[in-house]
Amino acid sequence: MSASSATLSALRSRISHLEGHVQAHAVLPFGLPELDRRLPQGGLALGCLHEVAGSGAGADDGAAAACFAAGIAARLPGQVLWCVTRADLFAPGLAQAGLTPDRVIHVEAGDETSVLACMEEGLRHGGLAAVVAEIGRLSMTASRRLHLAAKNTGTTGIALRRWRWLADADDFGQPTAAMTRWRVSERPSAALPVPGLGRALWLVELMRARAGETFDLEVEACDGTGHLGLPADVADRPAAAGGRYAFG
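Residues numbered from 1 in each chain as written. Predicted model: local features only at pLDDT ≥ 70, side-chain atom pairs only at ≥ 80, totals over all residues. Heavy atoms only, no water.

**A closer look at the overall build of the chain**
Then step 1. Along its length, the chain carries 7 helices and 10 strands.
Then step 2. Of all 248 residues assigned to the chain, the portion counted as buried reaches 46%.
Then step 3. Taking as baseline every contact in the chain between residues at least 6 positions apart, the subset at least 24 positions apart corresponds to 66%.
Then step 4. By element, 56% of the accessible surface of the chain is carried by carbon and sulfur atoms, the whole surface being about 11900 Å². (Helix = DSSP H or I, 4+ residues; strand = E, 2+ residues; numbered from the N terminus. Buried < 20%, exposed > 50% of the residue type's maximum accessible area, 1.4 Å probe, protein only. Contact = heavy atoms within 4.5 Å. Areas by Shrake-Rupley, 256 points an atom, 1.4 Å probe, with all protein chains shown as cover.)

Below is the structure:
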């Protein structure tokens, strides 16, 4: 290897280290080829920090985002630490997404500073499947600490972004060290041939992914095993089809 090639290789390695990025991660596939094929290595990188938010400050979209995060955590073996500032975690909702109460360690902290501290401590522990923390603001410094803690132990961290006021959601556009950034919005459920409510539908948007592409896809909400589904009209549609189901 020439001196210039060695220098370039060392520089790339240094940049990768500074970004908190490693060349290969274990991944958790979603089980939907339409989604997994757009993610680096075919799934959600484990042992990293990820961000999930609803669309704005609405309760419905906030619940969808929480269930999306719960579905990810449900498919990882082990206990899950879930940190909140408000006593409004709805255990039956998490259970419907596959994350049963016996697997959740619930921490109610007094403020977001305490929530971040609990999340970092949980990630550094190394004995958990995942750590989820409901927070509004996430600085680059705080996100780097969380991401590095996740890398060191292999525990997956999910920053569940929640805001009391819509104006506060502007912070979601600021850069962080998270590997991916997701937004989940409620959609009207599909009509049933009999009276009742169909399976909930979500618009899932991948807004940022390191070494990956952004896209959006309408999916069926997590089932009791934490898995997403495809609505029938999307599943039957060719991959190249346009319209609202096209990938961004």
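**A look at the packing of helix α5 (residues 112–125) against helix α6 (residues 140–153)**
In helix packing, the relevant descriptors are the interaxial angle and the interaxial distance, both defined with respect to the helix axes.
Then step 1. The interhelical angle for the contact between α5 and α6, taken along N-to-C directions, is 20°, at an axis separation of 8 Å. As far as their axial angle goes, α6 and α5 are roughly parallel. For the element pair α5 and α6, the recorded crossing hand is left-handed. In this structure, α5 uses L116, M119, E120, L123 and R124 to contact α6, whose residues at the interface are A142, R145, L146, A149, A150, N152 and T153.
Then step 2. Its residues assigned to classes, the contact of α5 with α6 comprises 7 nonpolar, 2 polar and 3 charged. (Axes fitted to C-alpha atoms, helices over the stretch in contact; angles between N-to-C directions. Parallel < 35°, antiparallel > 145°, perpendicular 65-115°, else oblique. Left-handed = near helix turned anticlockwise from the far one by under 90°. Nonpolar A, V, L, I, M, F, W, Y, C, P; charged D, E, K, R; others polar.)

**Considerations on the nonpolar core**
Generally speaking, soluble globular proteins have nonpolar side chains that are buried together.
Then step 1. In this structure, F68, W82, W182 and W202 are the most contacted members of the largest nonpolar core, which totals 44 residues.
Then step 2. If you list the elements that add at least two residues to this core, you get α3 (59–74), β4 (80–84), β6 (130–135), β7 (156–161), β8 (180–187), β9 (201–209) and β10 (215–220).
Then step 3. Top contributing element to this core by residue count: α3, with 10 residues.
Then step 4. The contacts of F68, once residues within four sequence positions are left out, are F30, V52, W182, V184, W202, V204, C222 and L228.
Then step 5. The next biggest cluster of nonpolar side chains, apart from the first, holds 19 residues, and it includes A109, V115, L138 and L146. (Core = buried A, V, L, I, M, F, W, Y, C linked by side-chain atoms within 4.5 Å.)

**Points about the pairing of β4**
On any regular strand, side chains alternate: one points to one face of the sheet, the next to the other face.
Then step 1. Most of β4 sits inside the fold, with 5 of its 5 residues counted as buried.
Then step 2. Residues V80, W82 and V84 point to one face of β4 and L81 and C83 to the other, with burial holding for every one of them.
Then step 3. As paired elements, β4 and strand β5 (residues 104–108) share 5 bridges and run parallel to each other. When the bridges of β5 are listed, V84 appears paired with E108.
Then step 4. With respect to chirality, the unit in which β4 leads through helix α4 (residues 91–96) into the neighbouring parallel β5 is right-handed.
Then step 5. In this structure, β4 lies alongside β6, joined through 4 bridges in parallel fashion. The partner of W82 across the bridge, within β6, is V132. (Pairing = 2+ DSSP bridges. Right-handed = clockwise from strand over helix to strand, strands pointing away.)

**Regarding α5**
In an α-helix there are 3.6 residues to a turn, and that puts residues three or four apart on one side.
Then step 1. Taking 1.5 Å of rise per residue, 14 residues should cover 20 Å, and α5 covers 20 Å from first to last C-alpha, within 8% of that figure.
Then step 2. Buried within α5 are the following residues: V115, L116, M119, E120, G122 and L123. When α5 is viewed along its axis, its buried side chains cluster within an angular range of 160° and face the same direction. Seen from the open side of α5, the exposed residues pointing more than 90 degrees away from its buried face are T113, E121 and H125.
Then step 3. On its buried face, α5 sits against β3 (49–54), β4, β6, α6 and β7. (Expected span 1.5 Å × (residues − 1). Arc of directions from axis to C-beta.)

**Topic: the environment of A159**
Then step 1. Secondary-structure assignment places A159 in strand β7.
Then step 2. Residue class for A159 comes out buried when judged on its relative accessible area of 0%.
Then step 3. C-alpha separation for the pair A159 and A133, spaced 26 residues apart in sequence, amounts to 5.2 Å.
Then step 4. What A159 contacts, discounting residues up to four positions off in sequence, is L49, H50, E51, V52, M119, A133, I135 and L138.

**Details of the pattern of salt bridges**
Then step 1. Going through the model one piece at a time under the given rule, you end up with 11 salt bridges.
Then step 2. For R137, the salt bridge goes to D171, with nearest N and O atoms at 3.2 Å. Linking R137 in the loop between β6 and α6 with D171 in the loop between β7 and β8, this pair joins segments that are 34 residues apart in sequence.
Then step 3. A residue is classified by how much of its surface remains accessible, and R137, at 53% relative accessible area, is exposed. (Salt bridge = Lys/Arg side-chain N within 4 Å of Asp/Glu carboxyl O.)

**Overview of the sheet that holds β8**
Then step 1. With respect to topology, 8 strands assemble into an open sheet ordered β5-β4-β6-β7-β3-β8-β9-β10, the strand pairing being mixed. For this open sheet the edge positions go to β5 and β10, each flanked by a neighbour on one side alone. Strand-to-strand, the axes of this sheet are offset by a mean angle of 20°, without reference to chain direction.
Then step 2. The pairing of β3 with β7 spans 5 bridges and is classified as parallel. Note that in β7 the partner of E51 across the bridge is A159.
Then step 3. Across the face of the sheet, α5 comes into contact with β3, β4, β5, β6 and β7 while running at roughly 170° to β6.

Function cannot be read off these values alone, since they describe shape.
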